[in-house]
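Single-letter residue listing:
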Amino acid sequence: MKHSAIKAAAAAFVFCLSGLAAHAQDASEKEIERYRAMISDPLSNPGYLAVDRGEVLWKEKRGTKNVSLETCDLGEGAGKLEGAFAHLPRYFKDADKVMDLEQRLLWCMQKVQDLDTKDVIARRFSSPGKASDMEDLVAYIANKSNGMKIAIPLAHPKEQEMAAVGEALFYRRGGVMDFSCSTCHADDGKRIRLQGLPNLSKPGKLPQETMAAWPTYRVSQGALRTMQHRLWDCYRQQRWPIPEYASDSLTALTVFLQKQAAGGEINVPSIKR
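It should be emphasised that the depicted structure is a prediction, and the values quoted were computed from it without experimental measurement.

### A closer look at the packing of aromatic side chains
Step number 1: Going through the model one piece at a time under the given rule, you end up with 5 aromatic pairs.
Step number 2: Look at Phe125 and Tyr245: their rings are 6.0 Å apart centre to centre, the planes differ by 90°, and that puts the pair in the edge-to-face class. Taken together, the positions of Phe125 in the loop between α4 (118-122) and α5 (133-143) and Tyr245 in the loop between α9 (227-237) and α10 (248-260) put the pair 120 residues apart, joining distant regions of the chain.
Step number 3: Owing to a relative accessible area of 17%, Phe125 belongs among the buried residues under this scheme.
Step number 4: In textbook terms, an aromatic cluster arises when at least three aromatic residues are bridged by ring pairs, as seen for Phe125, Trp232 and Tyr245.
Step number 5: When the ring centre of Trp107 is taken as origin, the NZ or CZ atom of Arg104, which lies over that ring, is 4.2 Å away.

In structure tokens, the structure reads:
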């Protein structure tokens, strides 16, 4: 066989293998989506256990003031939860800063309840057999915005500043691998193993679908996770220094991502791998 014919045959073989691999990936993703659909009902979705626990925590009297969080203002008025998550992060005049939901809850625990939040922060992410107050509260509050559109306010100068800082962080490369958020999330069609990576650099459908699905129940972790956990884990996988929980930098990044996701319809807790 001539050399050119051998090269052509080899190329055809590689193309065939690539096609089979792509077909297998598509088939696997369809099975994953079918599984998610099976357990997406509130009666089947384990994430709704966190919603129920969060409701109890929201109404529980704690701290030296022995009061509940029901007077906490999440942006829509004291105690009002409907639509609050859809409009966060946002600027709060009483704190004179832009906060995401977890930052604001910590602030309310400290100011409204006079609660020592050291234990809450230590248990910010759940582990087997140990629930997280913050994950449960976020699940409960976020669920109250189901069916609503992501629409964060960007009129205040500090909100605009946080959006700009968040965008800069999205593209900022660093760590031992010289990665940034954009390394994985600024191009179409990227994957990690079988997992598709949404392009979050352009406003529209992909950011909408992504951000509107958090908090989510992670089947692989057996736990409900918030966006704070997702960003923390992304930085960990990039081999960056682990960001401080509820830090302004993570809030800024969330502002940018929510800006990209404007108009996305919230449906949480969702189900992810």
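### Considerations on the pattern of salt bridges
Step number 1: Taken as a whole, this structure holds 17 salt bridges when the rule is applied.
Step number 2: Here Arg104 makes a salt bridge to Asp94, at a shortest N to O gap of 2.8 Å. Here Asp94 lies in the loop between β1 (90-92) and β2 (97-99) and Arg104 lies in helix α3 (residues 101-111), a separation of 10 residues in the sequence.
Step number 3: Taking the relative accessible area as the measure of exposure, Arg104 reaches 1% and is therefore buried.
Step number 4: The structure contains a network of salt bridges with shared partners spanning Arg62, Asp119, Arg123 and Asp133.

### Quick word on the state of the cysteines
Step number 1: Counted according to the given criterion, the structure contains 1 disulfide.
Step number 2: Paired by a disulfide, Cys72 and Cys108 hold their sulfur atoms 2.1 Å apart. Linking Cys72 and Cys108, the disulfide has an S-S dihedral of approximately 75° and is accordingly described as right-handed. Separated by 36 residues along the polypeptide, Cys72 in the loop between α2 (47-59) and β1 and Cys108 in helix α3 bring together distant segments of the chain.

About the cut-offs
- Residues numbered from 1 in each chain as written.
- Predicted model: local features only at pLDDT ≥ 70, side-chain atom pairs only at ≥ 80, totals over all residues.
- Heavy atoms only, no water.
- Phe/Tyr/Trp six-rings, centres within 6.5 Å; stacked < 30°, edge-to-face > 60°.
- Helix = DSSP H or I, 4+ residues; strand = E, 2+ residues; numbered from the N terminus.
- Buried < 20%, exposed > 50% of the residue type's maximum accessible area, 1.4 Å probe, protein only.
- Lys NZ or Arg CZ within 6 Å of the ring centre and 35° of its normal.
- Salt bridge = Lys/Arg side-chain N within 4 Å of Asp/Glu carboxyl O.
- Disulfide = S-S within 2.5 Å.

Purely spatial values, then, with no claim about function.
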